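# Descriptive structure summary
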Amino acid sequence: MPKEIPADSVGIVAPQVAQFDEPLTLRSGRVIESYQLCYETYGTLNEDRSNAILVCHALSGHHHAAGYHSMDDKKPGWFDSAIGPGKPMDTNKYFVVALNNLGGCHGSTGPTSIDPATGEPYGPNFPIMAVRDWVTSQARLADRLGIDCWYAVVGGSLGGMQALRWSIDYPERLKKCAVIAAAPKLTAQNIAFNEVARQSITSDTEFHEGYYYKHDTIPRRGLALARMLGHITYLSEDSMRDKFGRDLKTGKLSFNYDIDFEVESYLRYQGERFSDAFDANTYLLMTKSLDYFDPAADFDHDLAKCLSKSQCKFLVVSFSTDWRFAPERSKEIVDALVRAQKPVSYLEVDAPQGHDAFLFPIPEYFNFLSNFLTPAGVANA
Amino acid sequence: MRSDLKHISNWVKEGDRVLDLGCGDGELLHHLQSTKKTTGYGMEINPEQIVTCVARGVDVIHQDLNDSLDYLDDASFDTVMMTQSLQQTRHPDVLLNELVRIGKRAIVTFPNFGHWTTRIYLGLRGMMPMSKTLPYRWYNTPNIHLCTFKDFEVLCKENGIRIIQRTVVNTNHEESWQIKLFPNILGQVALYHVEKETV
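Starting afresh in each chain, residues are numbered from 1 along the sequence in its written order. Chains carry letters from A onward and ligands carry numbers from 1 onward, assigned in written order. Two thresholds apply to this predicted model, a pLDDT of at least 70 for residue-level local features and 80 or more for giving and counting side-chain atom pairs, whereas whole-chain, interface and lining totals are computed over all residues. Only hydrogens and water are removed before side-chain values are computed, so all heavy atoms of the structure are retained for them.

### A short note on the overall build of chain B
Each helix is a run of DSSP H or I of at least 4 residues and each strand a run of E of at least 2, with the numbering of both proceeding from the N terminus. Broken down by element type, chain B carries eight helices and seven strands. Here the C-alpha atoms of chain B give a radius of gyration of 17 Å, agreeing with the 16 Å that 2.2 N^0.38 yields for 199 residues. Within the span of chain B, comprising 199 residues, buried residues form 51% of the whole. When contacts within chain B are restricted to residue pairs at least 6 apart in sequence, long-range pairs at least 24 apart make up 65% of them. For chain B, the exposed area adds up to about 9,500 Å²; of that, 54% sits on carbon and sulfur atoms. The atom set for the radius of gyration is the C-alpha atoms, and the globule formula is 2.2 Å times the number of residues raised to the power 0.38. Partly exposed residues are those whose accessible area sits between 20% and 50% of the maximum for their type, while under 20% is buried and over 50% is exposed, using a 1.4 Å probe and protein chains only. Note on contacts: a residue pair qualifies if any of its non-hydrogen atoms lie within 4.5 Å across the two residues. All accessible areas in this document rest on Shrake-Rupley with a 1.4 Å probe, and a residue is counted as covered only by the protein chains that are shown.

### Here's the deal with the pattern of salt bridges
Between side chains of opposite charge, a pair can form as their charged atoms come close. All names here are of chain A. Any carboxyl oxygen of Asp or Glu that lies within 4 Å of a side-chain nitrogen of Lys or Arg is treated as forming a salt bridge with it. The tally for this structure, following the rule as stated, stands at 25 salt bridges over all chains. Ionic pairing is found between Arg132 and Asp298, a salt bridge with its closest N-O pair at 3.2 Å. You can see Arg132 sitting in helix α1 (residues 131-145) and its partner Asp298 sitting in the loop between α7 (280-292) and α8 (303-306), a full 166 residues away along the chain. What makes Arg132 partly exposed here is its relative accessible area of 21%.

### Thoughts on a nonpolar patch on the surface
All names here are of chain B. On the surface, a cluster of nonpolar side chains totalling about 810 Å² of accessible area is made up of Trp116, Ile120, Leu124, Trp177, Leu181, Phe182 and Ile185. For the nonpolar patch, the secondary-structure elements that each account for two or more residues are α5 (116-125) and α7 (177-181). For the nonpolar patch, the leading source of residues is α5, giving three residues. Take Leu181: it is sitting in helix α7. Using a relative accessible area of 54% as the deciding quantity, one classes Leu181 as exposed. Like charges within 9 Å and nonpolar side chains (Val, Leu, Ile, Met, Phe, Trp, Tyr) within 5 Å are joined into patches, using only residues over 30% in relative accessible area that form no salt bridge.

### Looking at the domain arrangement of chain A
Residues and elements named next belong to chain A. What counts as a domain boundary in this text is fixed by an automatic or database domain assignment. When the domains of chain A are assigned, the result is domain 1 (16-185 + 295-373) and domain 2 (190-287). In this structure, domain 1 and domain 2 have C-alpha centres spaced 25 Å apart. Contacts between the two partners involve 32 residues from domain 1 and, on the opposite side, 27 residues from domain 2. When domain 1 packs against domain 2, the two sides together hide about 2,300 Å² of surface, and 63% of this comes from carbon and sulfur. What gets called buried area is simply the loss in accessible area from a 1.4 Å probe that two parts show on being joined, summed for both. On the domain 1 side of the contact with domain 2, Leu59, Trp323 and Arg324 bury the most area, a combined 29% of that side's loss. Taken together, the links from domain 1 to domain 2 amount to one salt bridge. Glu120 serves as the salt-bridge partner of Lys214, at 3.9 Å between the closest nitrogen and oxygen. We call two N or O atoms a polar contact when they sit within 3.5 Å, provided that within protein one can donate a hydrogen and the other can accept it, with sequence-adjacent residues counted only if both atoms are side-chain atoms. On the surface where domain 1 and domain 2 come into contact, there are seven residue pairs in polar contact (both at pLDDT 80 or more). Here the term charged refers only to Asp, Glu, Lys and Arg, the term nonpolar to Ala, Val, Leu, Ile, Met, Phe, Trp, Tyr, Cys and Pro, and the term polar to all other amino acids, Gly among them. Residues of the side of domain 1 that touches domain 2, tallied by class, amount to 15 nonpolar, 12 polar and five charged.

### Focus: the environment of A:Val131
All names here are of chain A. Looking at the element boundaries, Val131 is found in helix α1. Under the relative-accessibility criterion, Val131 is labelled buried at 3%. In this structure, the C-alpha to C-alpha distance between Val131 and Gly29, residues 102 residues apart in sequence, is 14 Å. The residues contacting Val131, other than those within four sequence positions of it, are Leu158, Met161, Gln162, Arg165, Ser289 and Phe293.

### Some thoughts on the environment of B:Glu158
If you trace the backbone, B:Glu158 turns up in helix α6 (residues 149-158). C-alpha of B:Glu158 to C-alpha of B:Asp67: the two residues are 91 residues apart in sequence and 23 Å apart in space.

### Brief notes about helix α6 (residues 262-277) of chain A
Residue and element names in this part refer to chain A. With 16 residues, α6 extends 23 Å from end C-alpha to end C-alpha; this agrees with the ideal 22 Å at 1.5 Å per step. Regarding α6, the residues found buried are Ser265, Tyr266, Leu267, Gln270, Gly271, Phe274 and Ser275. Residues of α6 that are buried in the fold lie against α4 (220-234), α5 (237-243) and α7. Here a helix's expected span is defined as the number of its residues, less one, multiplied by 1.5 Å.

### Observations concerning unusual backbone geometry
Peptide bonds are, in most cases, trans, and in most cases residues other than glycine have a negative phi. Residue and element names in this part refer to chain A. Non-glycine residue Arg49 carries a positive phi angle of around 55°. With respect to the element layout, Arg49 can be found in the loop between β4 (35-42) and β5 (52-56). A residue is classified by how much of its surface remains accessible, and Arg49, at 40% relative accessible area, is partly exposed. For Phe255, which is not glycine, the phi torsion reads 55° and is therefore positive. Within the secondary structure, Phe255 is located in the loop between α5 and α6. Taking the relative accessible area as the measure of exposure, Phe255 reaches 75% and is therefore exposed.

Structure below.
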């Protein structure tokens, strides 16, 4: 818990809920009749409503991006490093909006919500969301907040894909687009990892075809396994070596199948903690959304053509040790933007943290983002 | 302000789409954008410089110029510039051909290894020349492919590259009648405006 709120924090924040009763037709063809979006805002919307930044979350993220919910919170929001007074998304200047995506499990309508048609939780019957569906729902939230045009849409990983989708689907509704540690589509290897994660969950005996709520249980072990696997792909080999090496938990080998190494202990802890806090059906849904993302597919698989209608300035950032979405994948986005003659700046940040690096306040990365959002100019020598 | 800006500016047209390879802190592009309304990008390898470019509002792409520029379409820029970097690349001949492929025209500047002081330094002292333009020792110099103006012009000829204009200056980018008379001996820096010869 914070003894006192740091000066560069947005402080104590409270989530809000917006109810939408206009049906939303999804990429899958299915329709959600009504839904709720849970969101938080930081900073103040200016008079001409031109200073709003949308932050899109990644696989396991949510609306709580910055600040604290109470003085008892152990940690601030997931992107607190970048949102606050004086930070890249400077809340003295900008009005920052973060939401929990549809299908999530942190307050927006998702598999754990009650399906009005049945009076029971949607469970596995909740429609699989495509990135474009999220963006459409985010546009409706923007309407609700009176924001015609975002100053910027910012996202890392799956969040970066949403930012990119914004520039394609609503070109006139954003001025700047920051696509961080993302990819224009998943590779076979990415999909393979997601499939193993899904299999871990669905093969857990407690999964009950996704209707585990009815059995008053959760597929805890499957979800923990999925998270352990995912977590390995978020770290780099170097960062795991630095963090754990071959350090032993008890100082000697046990010669049984309990935990020997620190890295095993860490992964189990991460898995268990996650399985208590996250819904398995949401995890399945999010990984499918990732797999399906391929905006160029509608444009003869030509990403430059796909991005040709965009009107915003782009920032693309990758991290040297990210092997989940390696720098080459970001470079594909940059190449397409250059071929489409769109304004873009690109930086590959030299960072040891792997995919997770996008959450860290690495000075080079944050200065890049900060200068993109707020170009201060340079005095000529 | 960089003293080569004036010369380079003269060769860039209003509204040109410009690519600056090895753009440093983006000063040249910023100057062209504000005075000539140009569009385009810089490419740079140094992250600190990249961050400065963005502060200026100059679009910049992190790129090692030794890596392929294949992804850039033919004649997709009006002008491709490369100031004081050609001699630092691994394959200057390949890159020069890329410059005139990607750009309708290209501007290349580099230090002259045929300057009289360099010639005397090597001739009399028998050591690799060092000067204000070439301040490095042989083992730590980034200038791995130095050449003279003559060398460069031979390379252009061999590759079907036409020299539209050439300006030879001293280190302060000033012209003089002496330099005009003996460019390859008295000139320290050359600015070349080139294009692919049309067959």
